Amino acid sequence: MLDDSNKPFFKWFVGGKTNIVYNCLDRHAETSRRNKLALMWEGEKGEFRSFSYFALRRETCRFANVLRSLGVQKGDRVTLYMGRIPELVIGMLACARIGAIHSVVYGGFTVEALHERLEDSHSKVLIVADGAYQRGKIVPLKSIADEALQRAASVESVLVVKRTGEPVNMESGRDMWYHELMVLPIAGNACHIEQMDAEDPLFILYTSGTTGKPKAILHTHGGFMVGTYTTLKYVFDIHDEDRYWCAADPGWITGHSYIVYGPLLNGATSFMYEGAPTYPYPNRWWQMVEKYGINILYTAPTAIRGLMRYGENWPNRHDLSSLRLLGSVGEPINPEAWKWYHRVIGKGRCPIMDTWWQTETGMFMITPMPCVALKPGSGTRPFPGVVMDILNEEGKPVAANEEGFLVIKEPWPAMIRTIYKDPERYVQQYWTKYPGVYMTGDSARRDEDGYYWVIGRVDDVLKVSGYRLGTAEIESALVSHPAVAEAAAIGLPHDVKGNAIHTYVILKTGIEKSDKLVDELRAHVAHEMGPIAKPDSIVFVESLPKTRSGKIMRRVLKARALGQEPKDLSTLEE
Ligand code: PRX
């Protein structure tokens, strides 16, 4: 099953033939589940749409035929850039059905982030929505894409999904409406499914690393299928009659694994909501839990903390008795938020599955199962078959309650296979500190019961509202502004977001500092990278602490901002 002859390029289920979409759709559409709801969706404005397994397969087939007719072939990359709408799910499945590699770019990213991902993946086709609703406003996705496309050359066709109906620019010969293509004779109801090798790529998903540009994490049809199916089945104990809601965004790994693939593989009914948790009022989520009878709710600590601020009255106005299990993901959950989630939302009877994992792991790695005794703030122990450890600098396991580097010691099915087009970086980033051991980039400790407590990232990755951002990307967005010579970004603790982004900027000579410039720089980062990357503060400085080799010492900035003494300054230049 496991081929470890070319470590760390592990292979799983070598020679096995499959297509993950067959097990997501066809398997159910041809059995007693054909009329079962695969996907239920509510829009921010309150519209409802749903798809049975039969209908979701049909829509996927029709769109897969459209993509084929545009010349998309096995192995080609297709970028998707939308809000949380069903077409995003259909688009991902349609790509996978014909063996194309999907690359979803989160709808909260903007021009330069999209451009970089289009260019690096060399995508032939971009599927984009005209816009997205966010708190009653419209995010003009198509016009952001138009600007990104001016910088990216590989894209031949742009398929536009009408969501808002606002006027958009359609470039003739390149841009086509999704709804017009989907009714053409080429969009037949049946579509031959591409037979894939277990190790053929399924998707790439860009994520932030320690340095430089975001990297494309590559996942495959076979291993990703086995990993997401099994973990969802055992951790959330999904049953046929359940209504399951993962409130993440399909644009991040949580959505790939546990909105799209994991639930469909399990033949489950998955619910997706387009908008923000507190729009128009802070009871929006609880209203939907009641309305749709949600049994399992999976979200991030930042959302819980955000909702907690509005008090208990909002959830208490609703009947939440359908809930059976709760989940948490994305960052450490502070015990206070855990207890509120458990008491106010779960009424003290729903266990909380605090799942630790990463874009790279593809599936839950440290997680309770419903039968396991819980401690607020700990993900308990590794999932069966997952072998993890916590090591000190010398690579020795640490003693109980001592902090160290969280590592994975044996390969697992849904693991990252490589960084797309950059196998050296894959080896260097994950497998070099301790040969043969995967470095997660997190630090953790283990208590006397063997329970893991994840502390946070030890590299230059920030988790802001559960989103993973690289300090390097924020810095390069700042430096792309004509007034900026150099910039450094750090994360500082924040009550709701987990981390807030603080930045230090050296201006070019002759440029005057001003509050107006601060606003302009913040807006520039939002325009280039996305509103999620907008710095909370910008401080103008004359110099930055650097090592003798010229690397910015962010930990020195961080220590100073927190009023602490920076440790070990031996490498500081001055
Ligand atoms: O630092 C850990 C944190 O999120 C990182 C992975 O981020 P990303 O690839 O965006 O995937 C997030 C969703 C799987 C990890 O290195 N993290 C994720 N889940 C937890 C967590 N930290 C503590 N507890 C968790 N449950």
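Structure's up top.
In this report, we go over the structure that sits alongside the text. This one's a predicted model, so the numbers in the text were calculated from it and none came from an experiment. (Residues numbered from 1 in each chain as written. Predicted model: local features only at pLDDT ≥ 70, side-chain atom pairs only at ≥ 80, totals over all residues. Heavy atoms only, no water.)

This part is about unusual backbone geometry. At the junction of Lys7 and Pro8, the peptide bond is cis and its omega measures out at -5 degrees in the coordinates. Tracing the backbone shows Pro8 in the loop between β1 (2–3) and β2 (11–12). Look at the link from Tyr279 to Pro280: it is a cis peptide, with omega at -5 degrees. Looking at the element boundaries, Pro280 is found in the loop between β17 (269–273) and α9 (284–292). One non-glycine residue, Arg135, adopts positive backbone phi at about 55 degrees. Its place among the elements puts Arg135 in the loop between β9 (132–134) and β10 (137–139). The backbone phi angle of Asn401 is positive, close to 70 degrees, even though this residue is not glycine. The residue Asn401 is located in the loop between β21 (388–391) and β22 (404–408) in this model. (Helix = DSSP H or I, 4+ residues; strand = E, 2+ residues; numbered from the N terminus.)

Among the nonpolar cores identified, the biggest contains 142 residues, and Ile20, Phe63, Leu67, Ile127, Phe236 and Tyr261 are the most heavily contacted of them. Once residues within four sequence positions are removed from consideration, Ile20 is found in contact with Ala96, Leu202, His221, Phe224, Met225, Tyr261 and Leu265. Counting 27 residues, the second-largest nonpolar core is a separate cluster that includes Trp245, Ile304, Ala337 and Ile345. (Core = buried A, V, L, I, M, F, W, Y, C linked by side-chain atoms within 4.5 Å. Buried < 20%, exposed > 50% of the residue type's maximum accessible area, 1.4 Å probe, protein only. Contact = heavy atoms within 4.5 Å.)

This paragraph deals with the pattern of salt bridges. For the structure shown, the criterion picks out 42 salt bridges. Residue Asp175 is joined to Lys142 by a salt bridge in which the shortest nitrogen-to-oxygen separation is 2.8 Å. One end of the pair, Asp175, is in strand β12 (residues 175–177); the other, Lys142, is in helix α5 (residues 141–151), with 33 residues separating them in the sequence. With a closest N to O distance of 3.5 Å, Arg174 and Glu171 form a salt bridge. Residue classification places Arg174 among the buried residues on the basis of a relative accessible area of 12%. Counted as one network, the salt bridges with shared partners bring together Lys142, Asp146, Glu171, Arg174 and Asp175. (Salt bridge = Lys/Arg side-chain N within 4 Å of Asp/Glu carboxyl O.)

As a further point, take the site of the ligand. Close contacts around the ligand come from 17 residues, with Asp354, Thr355, Thr359, Lys463 and Arg468 the closest. At 3.5 Å, a backbone N or O of Pro332 approaches a nitrogen atom of the ligand. In this structure, Lys463 approaches the ligand through a side-chain N or O atom, which is 2.7 Å from an oxygen atom. Summarising the interface, the protein chains cover 96% of the accessible area of the ligand, which totals 540 Å² for the free molecule. At the level of secondary structure, the elements contributing two or more residues to the shell around the ligand comprise α8 (253–265), β20 (352–355) and β25 (452–457). Considering only residue class, the shell around the ligand consists of six nonpolar, five polar and six charged. (Near = heavy atom within 4 Å. Polar contact = N/O pair within 3.5 Å; in protein donor to acceptor, adjacent residues only side chain to side chain. Areas by Shrake-Rupley, 256 points an atom, 1.4 Å probe, with all protein chains shown as cover. Nonpolar A, V, L, I, M, F, W, Y, C, P; charged D, E, K, R; others polar.)

The next point concerns the pairing of strand β14 (residues 201–207). β14 sits mainly inside the fold: six of its seven residues count as buried. Taken together, the two bridges between strand β7 (residues 101–104) and β14 define a ladder with parallel strand orientation. If you follow Ser103 over to β14, its bridge partner there is Ile204. For β14 and strand β15 (residues 215–220), the ladder comprises six bridges, and the chain directions are antiparallel. Residue Pro201 lies in a different strand from β15, and its bridge partner there is Thr220. (Pairing = 2+ DSSP bridges.)

On to the side chain of Gln358, then. Note that Gln358 resides in the loop between β20 and β21. For Gln358, a relative accessible area of 5% corresponds to the buried category. Gln358 has contacts with Ile253, Tyr438, Thr440, Arg457 and Arg468, leaving out every residue within four places of it along the chain.

What follows is about the sheet that holds strand β30 (residues 537–540). A sheet is described by the order of its strands in space; here three strands give the open sequence β28-β29-β30, paired in mixed fashion. Bordering the open sheet on either side are β28 (484–494) and β30, each of which pairs with just one other strand. Direction aside, the axes of adjacent strands within the sheet are offset by 25 degrees on average. Strand direction decides the pairing type here: strand β29 (residues 498–507) and β30, joined by four bridges, are parallel. Looking across to β30, one finds that Tyr504 is bridged to Val539. Against the sheet, helix α16 (residues 554–561) touches β28 and β29, its axis set at about 55 degrees to β28. (Axes fitted to C-alpha atoms, helices over the stretch in contact; angles between N-to-C directions.)

Let us now look at the pairing of β17. Within a regular strand, side chains alternate between the sheet's two faces. The element β17 is largely enclosed, with a buried count of five among its five residues. The side-chain alternation of β17 yields two buried faces, one formed by Thr269, Phe271 and Tyr273 and the other by Ser270 and Met272. Inspection of the sheet shows strand β4 (residues 37–42) paired to β17 by four bridges, in the parallel sense. Within β17, the residue paired with Trp41 across the bridge is Met272. Note that strand β16 (residues 243–246) and β17 share three bridges and pair parallel. Looking across to β17, one finds that Trp245 is bridged to Phe271. For the crossover from β16 across α8 to β17, the handedness is right-handed. (Right-handed = clockwise from strand over helix to strand, strands pointing away.)

Any link to function would need more than the numbers given here.
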